[in-house]
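# Fold and geometry: a report
For reference, the chains in residue letters:
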Amino acid sequence: MKGLLLFLGFLCVSVSRNDPQERLQVFVIPHSHMDVGWVYTVQESMHAYASNVYTTVVEELSRVKDRRFIAVEQEFFRLWWDTTASQWHKKQVRQLLQEGRLEFIIGGQVMHDEAVTDIDDAILQLTEGHGFLYETFGVRPHFSWHVDPFGASATTPVLFALAGFDAHLISRIDYDLKDVMQKNKKLQFVWRGSSSLGRTQDIFTHTMDQYSYCTPSYLPFSNRSGFYWNGVAMFPDPPKDGVYPNMSLPVTKETLEPYAQTMVKNIKQRAQWFQTNHVLWPWGCDKQFYNASVQFTNMDVLMNYINKHSEEFGVTVQYATLKDYFQAVHQSNLSWEVRGSQDFLPYSTEPFQAWTGFYASRNVLKGVARRASSLLHSAESLFVRYRIRYPDGPVQKEWALDKLKALRWAVSEVQHHDGITGTESPKVADMYMDHLTQSMMRVEELLAAMFLLPQNPAVSSANPESTEPSSDLEQHIIVYNPLAWNITTYINISVKYPMALVFDDNGLAVPAQIQPSAESVADYDLFIVVELGGLQYRKYLIQFPQSKCNKGSSCGMTHAARVVTFETRNISKWKKTGRRLLPVLNECYKLLFDQETNLLHSITDRFESRKVRIRQDFWEYETNGDVHTGPISDNYIFTANELAVLAYKSVAMQIIPGKIISEVRQYFYREESDKNYTYSMITRVPVGFKDRILCQRLDQSYGVGPLVVNKEAVLRTTTNLSNNRTIYTDNNGYQMLKRDYKQYINNSVSRNYYPMVREAYIEDDSSRLALLSERAHGVASLGQGQMEVMLHRRLWNNQEWNLGYNLTLNDSSVVRPVLWMMLGSPAAMATLSQQGALYLQHRPVVLPIDKPQRPWIVRERWDGPTVQPVVLPPNLHLQYLSIPGWSYDPSHAQHLQNLNSGEEGKPETDFDRVLLRITHLFEEGEDPVLAKPTTINLKEVMQGLGEVKTVQERSLTGTWDISDLQRWNWRTTERSENTENSSSFTHVTTDFSVTISPKQIRTFFIYFK
């Protein structure tokens, strides 16, 4: 009976599809998923298969007009274009693009991760790819293909909309949610990624069904995979005979009908999950189409056969690009449900497979990637300043731009979804690290050149108080503030001498503090108070007196701080706690440390006169590595088989009372008898500062490791806040999302972890405790008033797949992340924490000009800062300021005309075009003052750099004149179809004024006189 019902159902479907209007219209989209890293390095992949993909695809598309292909990540294509493609191939690419048969999708340097990537870096890699495509071909991607990132962020659709995309495509979302969406035909929707931007950045989003981006490979008539006629790529070398493993059975008279039946069956299954009769059928998978000839030759025959029997099968099939598919869906004119600013994180594939481990995998790489990004941010703006001030050198502009481009490439590359995530093999991680560190070194050379070459330090350095030669050693440093806000803060440099005097570029003594280093018994930490305008640098002279300073604990304006060591406390001997409390104070906080435990006891917010109980210590999850005994943790997955346990048995403590910072050093020993600690926490409490952000931040740096194998280490902060296990985490540093605790039948610990890129906080009605981060971590609130941050993982397992690809995470490193802890009322923290996160991310750049040495020749006195500041209001952030070095004309029509003119040679680089990006930090209603639209005059703001001549507003990645950008409008089921923007948008006025509304990101081309 059941079989009869199934037959009748199939008959009904078949009959209903006989009408050509009702037949399923199938869009076969050929593609190759090419990871920029993961198991193999970029160089290995280019040699083994990636180069052949583009060579053979271009050749095969040129042979048959009906064929199509989408190209996604740009890194491999750019390498092919620059190193492999012949002039004939290049000509054919231009022709195929013009005909719409080859389509660039996403267009970024990589398919970036969505969980642990910072918004600045996501935009950078997108801008890098788009700039190349537009400059080279005059094309601008309109669609995304985010098929492999491990979960989907609500920030990504906002960025793609701002870049001019008409539709977005995702795949990896929680398995049980996808099941529900499939059954209810809810896989497609309009995503409103930002509540503040509202309808202005709505984007239609297609979620791939359970088969994701790979062609279903099961063939009932063969033991080989189906539809992959070129087989599986081989490393390190392609086979000389062209025979690859697991090549699908060719399409022959005997296999044609079975192939057609298999394909049509899958098409009809997928059609049931969508609202229109258009079916997206991705044809490809990882490392495919390196032999496009055998692929297309077989598929041509199969598709022709299906179309000849379309009445029987009820389907028509065609090669297509993503534009073809989305255009058909758009023209169906249906109304789609609106999804708000909630994301699709975390991501699970099974109950015991929560992909939340990668939030913390390869912590060192995550830290280096963000430091590289910050260095690039600083160097870019300095190069802009340098070019305007010294247009003719002496630093050669081409040399400088090459340095910046190399770091842009490296920072963009590591944003790949198997890069910054830490889910790559060790040799690929080494590749990323090498590219980052080498490029950083070159940019540091550029910084030194820009600071030193325009002027002669020997005649421009400060000479405090005397022109007589001194026997004291001295060192010169330059400090740059990369933020467009005036700041007062402290910097820390390591020195070899117990005393130092510091003077600014006015020759005035500067407050400083020196103390024994926490890292080395041979070094000292020198803390210097610096005051810097926005985008301003200043010079400082450090003198090391060779004669003893007889002024007690101070010498001039420098305070020599002393270490106070407390008795090490063993957990086994803890008695009644909370009786012997030791205060550490500044103008904002009173911290109490318990001498019974050597742990933090509480913090009193002196502004609100509210005391919050806080304890911070380290815990470990012990994870399983044997697949035969239960679920495992690996690079991707975190599986907490048991609750975390304390990671230490004794705690040592030192306190250094100071006049600039008071420092608390805590050392955690795994065993009472251990001589070396496994964990350390250094908390710096700024003293004597009026600035609220500086006063209310507790600068914490940690040392974690080396860990025991199959341990996952967390910092747990336990408070008496009544947060009901609700935590707020940032989405790529762009917006905060509320994360209510969810109880699952299995694996609740792991499935309640979320990524923290810049900030996470817990709160109750009176207080908010925020942690700010300079690299990504996993974070959760698993108990009342608790917040735990995963800092490090060291794993090994015997899963065959992981071992085969060398994807185990036996990370024996010691990691040294930094968090800033801030405590205050929810209103106060909402005002301070966003700026605070940027203060942490973009700390002042300190560049030593020389090493300590005898004084230079008799010098003239410095006469103060030599550059004027650039200052924005506190709710606006100068997100990016650079000279991109593009050669294309800002006019689209003129650019296309230039491309089509056929002139030989590469157009001249435009060194006068400045790319400026400004973002509003606040959500609508978040603050009564700061969350309002803010009007600035770009000419006035930028006058610290030079005189603005022209301003043109552009799309996010710069490829569109904003006045030309018209995105597709998708109908929604909302009652109000008012097309007015909920977020006000005003263009730049003739006098260079612009109003920036909450959460807007505005991009401009600026030319200076």
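Residues numbered from 1 in each chain as written. Predicted model: local features only at pLDDT ≥ 70, side-chain atom pairs only at ≥ 80, totals over all residues. Heavy atoms only, no water.

## Description of the overall build of the protein chain
Helix and strand counts for the protein chain stand at 21 helices and 45 strands. A globule of 1009 residues ought to have a C-alpha radius of gyration of about 30 Å, and the protein chain, at 30 Å, matches this closely. Its C-alpha atoms give the protein chain principal-axis dimensions of about 100 × 70 × 60 Å. Within the protein chain, counting contacts between residues at least 6 apart in sequence, those at least 24 apart form 77% of the total. Roughly 38100 Å² of accessible area belongs to the protein chain as shown, and the carbon and sulfur atoms make up 50% of that amount. (Helix = DSSP H or I, 4+ residues; strand = E, 2+ residues; numbered from the N terminus. Rg over C-alpha atoms; globule rule 2.2 N^0.38 Å. Contact = heavy atoms within 4.5 Å. Areas by Shrake-Rupley, 256 points an atom, 1.4 Å probe, with all protein chains shown as cover.)

## Quick look at the packing of helix H3 (residues 74–83) against helix H5 (residues 119–137)
Close contact between H3 and H5 brings their axes to 10 Å; oriented N to C, the two are set at 40°. Compared by their axis directions, H3 and H5 come out oblique. H5 is crossed by H3, and the crossing has left-handed handedness. Across from Gln 74, Phe 77, Arg 78 and Trp 81 in H3, the residues of H5 making contact are Glu 128, Gly 129, Phe 132, Leu 133, Thr 136 and Phe 137. Residue composition of the contact of H3 with H5, grouped by class: five nonpolar, three polar and two charged. (Axes fitted to C-alpha atoms, helices over the stretch in contact; angles between N-to-C directions. Parallel < 35°, antiparallel > 145°, perpendicular 65-115°, else oblique. Left-handed = near helix turned anticlockwise from the far one by under 90°. Nonpolar A, V, L, I, M, F, W, Y, C, P; charged D, E, K, R; others polar.)

## Re the confidence of the model for the protein chain
Parts of the model with low pLDDT should not have their predicted coordinates read in detail. On average, the protein chain scores 93 in pLDDT, and the residues at 70 or more come to 94%. With pLDDT under 50 throughout, residues 1–16 is counted as low confidence; its partners more than four residues away or in other chains account for three contacts. Confidence over residues 456–462 falls short of pLDDT 50; this stretch has 23 contacts with residues more than four positions distant or in other chains. (pLDDT = per-residue confidence, 0-100.)

## Comments concerning unusual backbone geometry
Cis geometry is adopted by the peptide bond preceding Pro 394, which originates at Gly 393 and carries an omega value of 15°. Locating Pro 394 in the fold gives a position in the loop between helix H12 (363–389) and helix H13 (397–413). Residue Gly 705 is joined to Pro 706 through a cis peptide bond whose omega torsion reads -5°. Inspection of the secondary structure puts Pro 706 in the loop between strand E29 (698–704) and strand E30 (711–719). At Lys 185, a position not held by glycine, the phi torsion is positive, near 55°. Note that Lys 185 resides in the loop between helix H7 (175–183) and strand E5 (188–191). Owing to a relative accessible area of 36%, Lys 185 belongs among the partly exposed residues under this scheme. (Buried < 20%, exposed > 50% of the residue type's maximum accessible area, 1.4 Å probe, protein only.)

## Some details on the environment of Arg 67
Along the polypeptide, Arg 67 turns up in the loop between helix H2 (42–63) and strand E2 (69–71). Spatially, the C-alpha atom of Arg 67 lies 61 Å from that of Gly 824, the residues being 757 residues apart in sequence. If sequence neighbours within four positions are ignored, Arg 67 has contacts with Glu 60, Leu 61, Arg 101, Phe 296, Thr 297, Asp 300 and Tyr 319. Among the polar contacts made by the side chain of Arg 67, one reaches the side chain of Glu 60 at a distance of 2.8 Å. (Polar contact = N/O pair within 3.5 Å; in protein donor to acceptor, adjacent residues only side chain to side chain.)

## Quick word on empty space enclosed by the protein
Throughout the structure, instances matching the rule amount to nine cavities of 30 Å³ or more. Taken as a whole, the largest cavity spans an internal volume of roughly 180 Å³. Looking at the largest cavity, it is lined by 18 residues, and the ones nearest its centre are Gly 733, Tyr 734, Arg 758, Gln 834 and Leu 921. Only H5, strand E32 (735–739), helix H19 (826–841), strand E40 (876–882) and strand E41 (914–920) provide two or more residues apiece to the lining of the largest cavity. Ranked by residues supplied to the lining of the largest cavity, first place goes to H19 with three residues. Taken together, the residues of the lining of the largest cavity sort by class into six nonpolar, seven polar and five charged. For the second largest cavity, the calculated volume is near 140 Å³. Along the walls of the second largest cavity sit 14 residues, with Asp 120, Asp 121, Ser 373, Gln 879 and Tyr 880 positioned nearest its centre. Elements that contribute at least two residues to the lining of the second largest cavity include exactly H5, H12 and E40. Classifying every residue of the lining of the second largest cavity gives four nonpolar, five polar and five charged. (1 Å grid on protein atoms, 1.4 Å probe; cavity = no way out; pocket = protein on both sides within 12 Å on 5 of 7 lines; lining within 4 Å. Points joined across faces, edges and corners; volume = space filled by probe spheres on them.)

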